[in-house]
Structure formats: C-alpha cells, structure tokens
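Read off the chains here:
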Amino acid sequence: MRTDLTRGPIRRAAVPTDELTRLQLLDCAYYRDGLCRSCSWIEQPLGAQLQAKDARARTLIDAAEWLEPVASAKEAFRNKVKLVVTGSARLPKLGILGPDGTGVDLADCPLPSAGIRTAIEPIRAFITRAGLEPYSPASDTGALKYVILEEAPTGELMVRFVARRRGVQGILFKLRAELEAALPNMTVLSLNVQPERKAIIEGAEEILISENGTLPMRLWVGEQWAEHPVELALRPRSFFQTNTDIAEALYTRAVQWLSGVESAWDLYCGVGGFLLALAAAAKRAGTPFNGIGVETSEEAVASGAAGAAALGMSESVRFVTADAGAWVREVSAASRANAEKSEPNAPTARSRGNNENRASASSGTPTSLPEAVVVNPPRRGIGELANWLEGSGVGRVLYSSCNVDTLAKDLAAMPSYRVAKAQVLDMFPHTPHFETIVLLERVV
C-alpha cells in the first residue's frame, strides 16, 4: 500500500527534531551567493513551508473536510525546466537572466530531476559543437534563446531548442545522431521558432527533428502502487504539471472523490491527466465512462487523444480544441434545444447524459450535461465560467488551482455549491505557491 500520495511507499526512521529540521532545509549555492532568488522560501524547513501554505488556504476556503496537506520531495522534483541560453557558443551558460540582464548558469540547481541535470553538460557541449550562438536581446544578434528539457518517470527526455530562425533546424538535423549518442535517453528532439524580440519563451512553430514526436509519461494513480496506470503522451508545447509526484497525487484525489461518476468534462484539460485518470479507473472497475476534455492548445489535445487511444477508449473519451468558456456556452445552447424536444418517457438524466455524450464522442456537440466537471485553469482562475457552473445544474465540480486567491474568488461566485473536501498539495516547494484541490457538491 502507498503510505502517502507520492511515488511509491515511504519508509522513514524517526529522527530528532533538530536533525529533521536540517534535513528539510535545501542547501543551494546559487541562493547563498545571491545568484538566484527564485526559491524565496528556501530558508524555511519544508515542513514549515507546507504548514504555512495549508494555513493560508484554510483561511480563504471554508470546507466541510480538510485533508492533511501532501508534501513534495525537497529536491529533484521538477520534471521540466526552461533554461535561458547566454554567453557564447564557445562558453554557453544555461540558466536564468540575473537582475542586471546577464546570464547566470544554473547547471547544478538542485530542483530539476536527475535526468535533466545529467543532460545539461552534454547539451552545453552540443551547443558548442553546433556553433549555436546565444541570442542577445541588447544587440539583436545570435540565434539560440532557450533549451527546454522535460523528463518522464522512465528517464526518457524531451529536448527542445528555441531559436529565432528556422535555419537552425538544418544544424539539428545534421548533428542529430551526435546528440542522440550523447543523450541515449532522449526520445523527442524539436526546434521551436520564436523570431520576436520580446520576452516570450516559445513561438507558434514547432519543427520535429527526431523520428518520435511524443514523450511517454506513465503515471501511477490510486492508493495501490499500480492500481490505475495512466499513459500520457506528451508532445512539444503541451502542458503537464512540473512536479510528477504531486500530479499523481492530484489525479488520485480525482479518482477517489469522483468514484462512480460515469460522465465528466475536463475543462482547461492540458494533456488530459484528470480525465484519463477517471477513464482508467472506470475501465479497471468495469463501469461505463464517457468524457470530453477541452483545451486551447492543439498539441495538448493531440496528446490527450493519444492517451485515450492508449487506454482503448477513443470512442468514449474525446478531446476538443476550444476555449472552455465559449465551448460551454455552445453546449448550453444545444442542451436547451434538446430539453425542448424531450418527451415525457425520456430516459433518466443520468442515462440520457451518458448515451448522448457517447453518441457525441465521435463528432458534434454534446446535448446534455455530465455528472461532474473538472477545472484546472491558469492562475487567473475560471472567471465567467464560474457563473456558468453556478447556473448549470451540474452536481459535482472538481477544481484544482495553483492560485488560492482566484480559487476563493471563483468559489464565492458559486454559492449553490458547498466545498465538501479540500486539500493543499506542495506543487512548488521553496516558494509561496501551491496547488489546492477542492470537491464542490451542489446543495441548491
């Protein structure tokens, strides 16, 4: 049995309080030397950080039941990094821009996963070998802007170079075999083209260099270690949580709190982690399930569709490229039209919703509402979508938020729901940020 909601069973011997405090402090030379202050809470023990985050969430959200917060690993928890490339092709730096605009090399930052940290030096050597001159905003010269690395639990890597011009693809194609030899665990290699002289990390154009275009992200969701394996297929430019352990904990909560739900929508779905976790759990239990994920990113939608195919549920779980707010307004109109046509002997709401969502899984707009809606929005929250949910009649809402302030604001706009359960998860250790997940149940 899993003793917490992170990867694998945890077995820790008791240690004295002073020693425990020391073990919970992250030692970072970059912070000590004043080179990087991204981890603004690094001087607090990890346990104290989590207690403060939990206390803050409880002051803002009135929940019938608060679960104990979920801790993260102290270090090596980040599965994705976006490294600014500065310096020169001969001596490239991979890290961040300092306060004065000069590059700070963060090759030994303790936050990224082991595979990412191991990959940095081979990539640095490759930049020199390829003669990729770092871009300078001041002089508007050079080509290479960023290197983006993402690691799956298997150790496989996605490596993305961000450059100002497409011509860099020729160099990457020519020297691809050399980089593959230096990074044998590299599964995906691509070039993102960002030509603008702006503080924008990624551009709209992605050029695949490797033969394979997806990074397999296998997650374990559930109380048992291998209870609900979920296969995500990450593509370049698709969103996935940066802390794999906490992502698994979030999806586990979704499976537990929405157990028995046979239809769901996942709005702001990213690569579909929540929806696919629910689908995998239903498949394992042998119960019917129909779901729709909505996301603006075409790459993320393609990743979600690949995940549904891996589950063998492409007919009942589909993904739509759309703005969540616009999409639900369209659905509402279709639902009203369907209600006007309904007959006295029509099926029950639950069976009708499942049948109609199943019929719409291959095409068209669903004509009835699901049993549950999952929302996992950006920091700005769900905005007008809260008003739609308030008047929708949907029975349960699972809301996962990285900004407890906007979460509280959105909840205030939905007085017809009560917060039945809530939990804080430490998605971003050593910072004031965290994830909060709540289960809303309609009472009016």
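Definitions and cut-offs
Residues numbered from 1 in each chain as written. Predicted model: local features only at pLDDT ≥ 70, side-chain atom pairs only at ≥ 80, totals over all residues. Heavy atoms only, no water. 1 Å grid on protein atoms, 1.4 Å probe; cavity = no way out; pocket = protein on both sides within 12 Å on 5 of 7 lines; lining within 4 Å. Points joined across faces, edges and corners; volume = space filled by probe spheres on them. Nonpolar A, V, L, I, M, F, W, Y, C, P; charged D, E, K, R; others polar. Pairing = 2+ DSSP bridges. Helix = DSSP H or I, 4+ residues; strand = E, 2+ residues; numbered from the N terminus. Axes fitted to C-alpha atoms, helices over the stretch in contact; angles between N-to-C directions. Contact = heavy atoms within 4.5 Å. Core = buried A, V, L, I, M, F, W, Y, C linked by side-chain atoms within 4.5 Å. Buried < 20%, exposed > 50% of the residue type's maximum accessible area, 1.4 Å probe, protein only. Expected span 1.5 Å × (residues − 1). Polar contact = N/O pair within 3.5 Å; in protein donor to acceptor, adjacent residues only side chain to side chain. UniProt positions renumbered as here; feature names shortened; annotations may be inferred.

Looking at an unreviewed UniProt entry, the protein chain carries the name 23S rRNA (Uracil747-C5)-methyltransferase, with the source organism given as Arcanobacterium wilhelmae.

What follows is about empty space enclosed by the protein. Counted under the stated rule, the structure contains one cavity of 30 Å³ or more. Each pocket or cavity is described by its volume, and for the largest cavity that value is around 50 Å³. Phe 239, Phe 240, Gln 241, Tyr 251, Tyr 268, Cys 269, Gly 270, Val 271, Gly 272, Gly 273, Phe 274 and Asn 376 are the residues that line the largest cavity. Looking at the lining of the largest cavity residue by residue, the class counts come to seven nonpolar, five polar and no charged.

Read from one edge to the other, the open sheet built from seven strands follows the order S3-S2-S1-S4-S5-S6-S7, with strand pairing classed as mixed. Every other strand in the sheet has two partners, leaving strand S3 (103–105) and strand S7 (205–208) as the edge strands with one partner each. Each strand axis lies, on average, 40 degrees off the axis of its neighbour in the sheet, ignoring direction. Note that strand S1 (residues 80–87) and strand S4 (residues 144–151) share five bridges and pair antiparallel. Each residue of the ladder has a partner; that of Val 84, found in S4, is Tyr 146. On top of the sheet, helix H4 (residues 114–130) reaches S1, strand S2 (92–97), S3, S4 and strand S5 (157–163); it is set at about 150 degrees to S4, its chief contact. In this fold helix H5 (residues 168–182) packs onto S5, strand S6 (186–193) and S7, with an angle of close to 165 degrees to the strand it touches most, S6.

Here the focus is the sheet that holds strand S13 (residues 372–375). The seven strands are arranged S12-S11-S10-S13-S14-S16-S15 in an open sheet whose pairing can be described as mixed. Two strands in the sheet have a free side with no partner beyond their single neighbour: strand S12 (317–321) and strand S15 (417–425). Geometrically, the sheet is characterised by an average inter-axis angle of 15 degrees between neighbouring strands, direction not taken into account. Strands strand S14 (396–401), S15 and strand S16 (435–442) of the sheet are contacted by helix H12 (residues 404–412), whose axis makes an angle of about 155 degrees with S14.

Let us now look at the nonpolar core. If you look at the biggest cluster of nonpolar residues, it comprises 50 residues, and the most contacted ones within it are Leu 232, Phe 240, Tyr 251, Phe 289, Val 317 and Leu 398. Residue assignment for this core shows that the elements contributing at least two residues are strand S8 (215–221), strand S9 (228–234), helix H6 (244–257), helix H7 (273–285), helix H8 (298–311), S12, S13 and S16. If one sorts the elements of this core by residue count, H7 sits on top with nine residues. Apart from the residues within four sequence positions on either side, Phe 289 is in contact with Val 261, Glu 262, Ser 263, Ala 264, Leu 275, Leu 278, Ala 279, Ala 282, Met 313, Ser 316 and Val 317. Grouped together as the second largest cluster of nonpolar side chains are 37 residues, Trp 66, Val 294, Leu 389 and Leu 440 included.

Let us now look at H8. Given a rise of 1.5 Å per residue, 14 residues ought to cover 20 Å, and the 20 Å separating the end C-alpha atoms of H8 matches this to within 8%. Of all the positions in H8, only Glu 299, Ala 300, Val 301, Ser 303, Gly 304, Gly 307, Ala 308 and Leu 311 are classed as buried. Measuring from the backbone nitrogen of Glu 299 back to the side-chain oxygen at the start of H8 gives 3.4 Å, which picks out Ser 297 as the cap. The first or second residue beyond H8 is Gly 312, which carries a positive phi of 75 degrees.

Let us now look at the UniProt feature "binding site: S-adenosyl-L-methionine" (unreviewed entry) in the protein chain. Those places that UniProt annotates as "binding site: S-adenosyl-L-methionine" (unreviewed entry) correspond, in this numbering, to Gln 241, Tyr 268, Glu 295 and Asn 376. Lining residues of the largest cavity, restricted to the annotated ones just named, are Gln 241, Tyr 268 and Asn 376. Mapping Tyr 268 onto the fold places it in the loop between strand S10 (263–267) and H7. Owing to a relative accessible area of 18%, Tyr 268 belongs among the buried residues under this scheme. Discounting chain neighbours no more than four positions away, the residues touching Tyr 268 are Val 294, Glu 295, Ala 324, Asn 376, Pro 377, Pro 378, Gly 381, Ile 382 and Leu 385.

Structurally, the position occupied by Arg 237 is in the loop between S9 and H6. A sequence separation of 35 residues divides Arg 237 from Glu 202, and the C-alpha atoms of the two residues are 8.2 Å apart. Not counting residues within four places of it along the chain, the set of residues in contact with Arg 237 comprises Arg 160, Asn 192, Glu 202, Gly 203, Ala 204, Glu 206, Ser 297 and Glu 299. Among the polar contacts made by the side chain of Arg 237, one reaches the main-chain carbonyl oxygen of Gly 203 at a distance of 3.2 Å.

Let us look at the side chain of Asn 376. Within the secondary structure, Asn 376 is located in the loop between S13 and helix H11 (385–392). By relative accessible area, which is 13% here, Asn 376 ends up buried.

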